Amino acid sequence: MATSAVTEPGGAGYDAAEEFLGRTSPTQRVQAVLHRYPWLSPLIVLVIAVVIFGLINPNFATPANLGTITQQTAVIGTLAIGQTIIILTAGIDLSCGAIMVFTSMVMAKTAFENGLPGWPALLLGMVVGGLAGMANGLLITRVGLPPFIVTLGTFGIFTALTLLYATGRTVRNRELVDELKVLGNPIDIGGFRLTNGVLLMLAMYAVFAYVLRYTAWGSHVYAVGDDRDAARLAGIRVNRVLLSVYVVAGVVYAFAAWTLIGRVGAASPNSGIDANLDSITAVVVGGTSLFGGRGRVLGTLIGALIVNVVASGLTIAGLDVAYKRLAIGLLVILAVTADQWIRRARA
């Protein structure tokens, strides 16, 4: 009788959570794990992709090629940090690449044509990026327009401003001040080559991972994305959080612009043509939900690596660049489908 009292509901040793887990199917358990660790599924995809491309062509897995892939990830990886915090609030930013290119031209031209020293020019670019993000945020929070419409419009505006400001001219490497080129400086670790831009990107991921997980602001970002009405009832100033997210994202885009200059070795109005969609792809493939409230920046970093691993693998395999777009498109559809499936774990 003593044994049955322990196992019956209300008994001294009764564990409701254990009983619930005992009733769940293996599929539901997988859903629960992937919901709790959204970066896990993209990590599995990344490992599988590296193994497959390494088997197809041994040159893929060489330290030199893996270093190149990491360098290529720096720009989109940095840009995708800003995209991540916006998508976590159930928003989206189609203007991120345009803001990045515009701020890169502001940094380069004010230093080259106006004689502004390198660090002040860089700081000016950060201010411009923040103001661009603020413009998006104000239109969304004060005017009440949907993020998709706002950023689609500002994408065109910032693209036009870039072309008008640059007058079609590229600021070449020899015309750039050293401070703007510093992120392109290489760091050799055996046969594996990184750049300062990669180190800055990794540092930013560490900072944002901490902020989103351990600060009140990070908790508010998740709360707003998960359920805006519930967040408002809990006393969170939703519009203030949203505005701050877009401003911070704009500053992040300016850091991506700095990384872009170092990576390309020039400031061109034609750089980053696919940056908008690539950043969204990195975030979605990295496990962040387009519906908001779920995701980690670690997953975004893995997603950015997946995009470049697939591109590099297909190139080394000798396939047409069109197959890259095909593969990335399929990955996005599969990632959103998986997200829908994983979200059912909450039901």
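Here, the structure is the one placed above.
Residues numbered from 1 in each chain as written. Predicted model: local features only at pLDDT ≥ 70, side-chain atom pairs only at ≥ 80, totals over all residues. Heavy atoms only, no water.

Visitor: Before we move on, could you go through the overall build of the chain and cite the residues and values that matter?
Guide: A count of helical and extended segments in the chain gives 16 helices and 2 strands. Relative to the compact-globule value of 20 Å for 347 residues, the chain shows a C-alpha radius of gyration of 22 Å, a close match. Along the three orthogonal principal directions, the C-alpha set of the chain runs to about 90 × 55 × 35 Å. Look at the contacts in the chain between residues 6 or more apart in sequence, and 77% of them connect residues 24 or more apart. A gap of 4 Å separates the mean positions of the 23 positive and 17 negative side-chain charges of the chain. (Helix = DSSP H or I, 4+ residues; strand = E, 2+ residues; numbered from the N terminus. Rg over C-alpha atoms; globule rule 2.2 N^0.38 Å. Contact = heavy atoms within 4.5 Å. Lys, Arg positive; Asp, Glu negative; His and termini not counted. Charge placed at Lys NZ, Arg CZ, Asp CG, Glu CD.)

Visitor: Please provide a residue-by-residue account of a nonpolar patch on the surface, values included.
Guide: Where nonpolar side chains cluster on the molecular surface, the patch consists of Leu123, Val127, Leu131, Met134 and Leu138 and spans about 420 Å² of accessible area. Within the fold, Leu131 resides in helix H7 (residues 118–141). (Patch = residues over 30% accessible without salt bridge, like charges linked within 9 Å, V, L, I, M, F, W, Y side chains within 5 Å. Areas by Shrake-Rupley, 256 points an atom, 1.4 Å probe, with all protein chains shown as cover. Salt bridge = Lys/Arg side-chain N within 4 Å of Asp/Glu carboxyl O.)

Visitor: Outline unusual backbone geometry, listing residues and values.
Guide: For Ala90, which is not glycine, the phi dihedral falls at a positive 70°. Within the element layout of this structure, Ala90 appears in the loop between helix H5 (63–88) and helix H6 (96–112). Judged by its relative accessible area of 35%, Ala90 is partly exposed. The phi dihedral of Thr167 falls on the positive side, at around 50°, and the residue is not glycine. (Buried < 20%, exposed > 50% of the residue type's maximum accessible area, 1.4 Å probe, protein only.)

Visitor: Tell me about the nonpolar core, and please be specific about residues and values.
Guide: Formed by 68 residues in total, the largest nonpolar core has its most connected members in Met100, Met107 and Leu180. When residues in this core are grouped by element, the largest group, 14 residues, is from helix H13 (residues 238–264). Met107 has contacts with Ala121, Leu122, Gly125, Met126, Leu180, Ala254, Ala257, Trp258 and Ile261, leaving out every residue within four places of it along the chain. By size, the runner-up hydrophobic cluster in this structure holds 14 residues, among which are Ile306, Val309, Val310 and Ile328. (Core = buried A, V, L, I, M, F, W, Y, C linked by side-chain atoms within 4.5 Å.)

Visitor: Describe the side chain of Gln83, naming the residues involved and giving the relevant values.
Guide: Structurally, the position occupied by Gln83 is in helix H5. Residue Gln83 is classed as buried on the basis of its relative accessible area of 0%. Discounting chain neighbours no more than four positions away, the residues touching Gln83 are Ile92, Asp93, Cys96, Tyr253, Asn276, Ser279, Ile280 and Val283.

Visitor: Any chance you could break down the pairing of strand S1 (residues 186–189) for me, citing the residues and the numbers?
Guide: Bridging between S1 and strand S2 (residues 192–195) involves 4 bridges; their strand directions are antiparallel. Paired with Ile187 across the bridge in S2 is Leu194. The loop that links S1 with its antiparallel partner S2 comprises 2 residues; one of these, Gly190, has a positive phi angle of about 70°. (Pairing = 2+ DSSP bridges.)

Visitor: Account for the pattern of salt bridges, naming residues and giving values.
Guide: Inspection of every chain in the model, using the stated rule, returns 8 salt bridges. Close ionic contact of Lys109 with Glu113 constitutes a salt bridge, the shortest N to O distance being 3.5 Å. Note on Glu113: relative accessible area 46%, which makes it partly exposed. One connected set of salt bridges, linked through shared partners, spans Arg169, Arg172 and Glu175.

Visitor: Please give an account of the packing of H7 against H13 that cites residues and values.
Guide: At a closest axis distance of 7 Å, the pairing of H7 and H13 adopts a crossing angle of 145°. Crossing geometry of H7 relative to H13 is assigned as right-handed. (Axes fitted to C-alpha atoms, helices over the stretch in contact; angles between N-to-C directions. Left-handed = near helix turned anticlockwise from the far one by under 90°.)

Visitor: I'd like a description of the environment of Pro186, backed by residues and values.
Guide: Of note, Pro186 is situated in strand S1. Along the chain, Pro186 and Gly197 lie 11 residues apart, while their C-alpha atoms are 8.9 Å from each other. When neighbours within four sequence positions are excluded, Pro186 is seen to be in contact with Arg193, Leu194 and Thr195.

Visitor: Tell me about the packing of aromatic side chains, and please be specific about residues and values.
Guide: Scanning the entire structure with this criterion turns up 6 aromatic pairs. One aromatic cluster in this structure is built from Phe102, Phe158 and Tyr165. A cation over an aromatic ring shows up here: Lys109 above the ring of Tyr165, its NZ or CZ 4.9 Å from the ring centre. (Phe/Tyr/Trp six-rings, centres within 6.5 Å; stacked < 30°, edge-to-face > 60°. Lys NZ or Arg CZ within 6 Å of the ring centre and 35° of its normal.)

Visitor: Outline the side chain of Gln71, supporting the account with residue identities and numerical values.
Guide: As for its position among the elements, Gln71 is in helix H5. Exposure remark for Gln71: the relative accessible area of 11% places this residue in the buried category. Among the polar contacts made by the side chain of Gln71, one reaches the main-chain carbonyl oxygen of Arg193 at a distance of 2.9 Å. Setting aside chain neighbours within four positions, we find Gln71 in contact with Arg193, Leu194, Thr195, Val198 and Arg263. (Polar contact = N/O pair within 3.5 Å; in protein donor to acceptor, adjacent residues only side chain to side chain.)

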